[in-house]
Amino acid sequence: MMAERFTLSGTAVPVDPARMLDGLCARFVEHSDVWRSGNTATLANHSGKADLRSEGGQLSIELSCPTAAMLQMVRNVIAEHLFMIAGDEPLELTWADMPKPSALPDFREIRVVSASNVTPHMRRLTIACADVAHFRDGGLHVRLLIPPKGRAPVWPSTRPDGRIDWPKGEDELTVRIYTIRSIDLDRREMDIDFVLHDTCGLPMPGADFAQNARPGDVAGLLGPGGGGVPDAADMILAGDETALPAISRIAAEMPAGSRLVAFVEVETEAEEQPLVSAATLDIRWLHRNGAAAGTTGMLEKAIRSEIERASPDTFVWAGCERSEAKAIRDLLKARGHDRQRSSIGSYWQRPQ
Ligand SMILES: Cc1cc2nc3c(=O)[nH]c(=O)nc-3n(C[C@H](O)[C@H](O)[C@H](O)COP(=O)(O)OP(=O)(O)OC[C@H]3O[C@@H](n4cnc5c(N)ncnc54)[C@H](O)[C@@H]3O)c2cc1C
């Protein structure tokens, strides 16, 4: 974890602080390290750390993050979860530094410059942003905010309790998570690669946004966040095409001397892309050849076999369909793989 410098205290007064603490720990365990001891808990990930204590009818919160923007983001995430856990029950949440209703610090408006297919089912949008440098550090991923068609976008703001005030009704935004594939600081442009996936007949606003994008279209980005390039000399990378942008970016940022084995599951050979890396990169493409995405188990099988010959220090990184991600997490847990040496993300979910 990076050095932590930005701190903030908060106090939540829920109906049952101990239950609130249990609820937070249960929600964060999938994406963060959670240490629980009696009436205290610490939640930590690359974005920062939250120390929580349930005492005297309230839950004290101490946040500590490497950047001011991350602090705002962590405050927002904690606030959102607290209110979700509280449901209909009353909850008071105050912060030492109460945010004024204002634009979100990690929000940026973007404009589509061009759109073209990299492979038959991967569409690349090049987008312009006045402040691309903002997206260089702090994570590989963003929340893409898609405004309703034909309306001037209304962007979210911060509420005094730290939650995001999302526009509602006709101004409601569609939110999907994507990876910044590459950043061009000189041109003030970034690429995002969108999978044009199957939908089982359901709408797919994220993929449709890419499919129909025209130069000049406006959208918003919130972030960056959600994990960066792991600090490891030996790494196993695994993912389906939704994780290919992240795998490409990790490979591109890994230094010479490090060793990567990457398993990428795609439909056919036509979806393969060249990957560039200064590291020693061994890439193995896995083809579904007509099987439905998120059903093959190929990634888990590949990791299972590769990890047999890997050193215990090897970092295992994966991004794929939710049940496949769970199978990989279960595999690593069963093998006793150090949790600090893995990051396994659910990138999308098949309909139940
Ligand atoms: C950290 C992170 C980074 C991500 N980065 C990227 C990225 O760079 N590029 C990218 O394309 N995606 C990425 N994703 C995945 C993306 O957020 C999801 O695929 C999202 O569901 C797409 O939204 P949609 O509106 O197109 O479809 P949705 O409205 O979410 O889903 C519509 C239907 O399509 C199905 N579906 C969704 N995604 C897929 C898929 N990939 N294959 C098959 N069926 C699918 C759903 O099960 C549902 O039935 C990332 C996700 C995470 C968590």
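Scroll up a little and you will see the structure.
Report follows, based on the coordinates. (Residues numbered from 1 in each chain as written. Predicted model: local features only at pLDDT ≥ 70, side-chain atom pairs only at ≥ 80, totals over all residues. Heavy atoms only, no water.)

### Focus on the overall build of the protein chain
Secondary structure assignment for the protein chain yields 6 helices and 21 strands. By the compact-globule yardstick of 20 Å for 352 residues, the protein chain fits well, its C-alpha radius of gyration being 21 Å. With the principal axes as the frame, the protein chain shows a C-alpha extent of 60 × 50 × 40 Å. Put simply, the protein chain has 352 residues, and 46% of those count as buried. Looking at the protein chain as shown, the accessible area adds up to about 16,900 Å², and 50% of this sits on carbon and sulfur atoms. Across the protein chain, the centroid of the 39 positively charged side chains sits 1 Å from that of the 49 negatively charged ones. (Helix = DSSP H or I, 4+ residues; strand = E, 2+ residues; numbered from the N terminus. Rg over C-alpha atoms; globule rule 2.2 N^0.38 Å. Buried < 20%, exposed > 50% of the residue type's maximum accessible area, 1.4 Å probe, protein only. Areas by Shrake-Rupley, 256 points an atom, 1.4 Å probe, with all protein chains shown as cover. Lys, Arg positive; Asp, Glu negative; His and termini not counted. Charge placed at Lys NZ, Arg CZ, Asp CG, Glu CD.)

### Some words on the layout of surface pockets
By volume, the second largest pocket amounts to about 330 Å³. Lining the second largest pocket are 15 residues, with Ile 146, Pro 147, Lys 149, Phe 209 and Asp 217 sitting closest to its centre. Element by element, the count of residues in the lining of the second largest pocket is highest for helix H3 (residues 205-212), at 4 residues. Here the lining of the second largest pocket is built from residues that sort into 8 nonpolar, 3 polar and 4 charged. (1 Å grid on protein atoms, 1.4 Å probe; cavity = no way out; pocket = protein on both sides within 12 Å on 5 of 7 lines; lining within 4 Å. Points joined across faces, edges and corners; volume = space filled by probe spheres on them. Nonpolar A, V, L, I, M, F, W, Y, C, P; charged D, E, K, R; others polar.)

### Points about empty space enclosed by the protein
Using the criterion set out here, one finds 1 cavity of 30 Å³ or more in the structure. Looking at the largest cavity, its volume works out to about 40 Å³. Forming the boundary of the largest cavity are Pro 14, Val 15, Asp 16, Arg 19, Met 20, Ile 85, Ala 86 and Glu 89. Of all the elements in the fold, those that place two or more residues in the lining of the largest cavity are helix H1 (17-28) and helix H2 (68-86). Of the residues assigned to the lining of the largest cavity, the class counts are 5 nonpolar, no polar and 3 charged.

### Some thoughts on the pairing of strand E6 (residues 92-95)
By the alternation rule, side chains of E6 split into Leu 93 and Trp 95, which are all buried, and Glu 92 and Thr 94, of which none is buried. Pairing analysis gives 4 bridges linking strand E1 (residues 6-13) to E6, with the strands arranged antiparallel. Bridge assignment links Thr 11 to a residue of E6, and that residue is Thr 94. (Pairing = 2+ DSSP bridges.)

### Digging into the environment of Val 118
Within the secondary structure layout, Val 118 lies in strand E8 (residues 107-119). With 76 residues separating them along the chain, Val 118 and Phe 194 place their C-alpha atoms 9.7 Å apart.

### Re the nonpolar core
Ranked by size, the top nonpolar core spans 26 residues in total, and within it Leu 59, Ile 61, Leu 63, Ile 78, Leu 82 and Leu 93 carry the most contacts. If near-sequence neighbours (up to four positions away) are discounted, Ile 61 is found in contact with Leu 8, Ser 9, Gly 10, Ala 12, Asp 51, Leu 52, Ile 78, Leu 82, Leu 93 and Trp 95. Of all hydrophobic cores here, the second largest spans 22 residues; its members include Ala 243, Val 266, Ala 279 and Trp 317. (Core = buried A, V, L, I, M, F, W, Y, C linked by side-chain atoms within 4.5 Å. Contact = heavy atoms within 4.5 Å.)

### Some details on the sheet that holds strand E20 (residues 315-321)
One open sheet holds the 5 strands; their spatial order is E19-E18-E17-E20-E21, and the pairing between them is parallel. Strand pairing shows two members of the sheet lacking a second neighbour, strand E19 (280-287) and strand E21 (342-348), which therefore form its edges. Across the sheet, the mean angle from the axis of one strand to that of its neighbour is 10°, orientation sign disregarded. Sheet strands in contact with helix H4 (residues 244-253) are strand E17 (234-240), strand E18 (259-266), E19, E20 and E21, and its direction is about 155° off that of E17. (Axes fitted to C-alpha atoms, helices over the stretch in contact; angles between N-to-C directions.)

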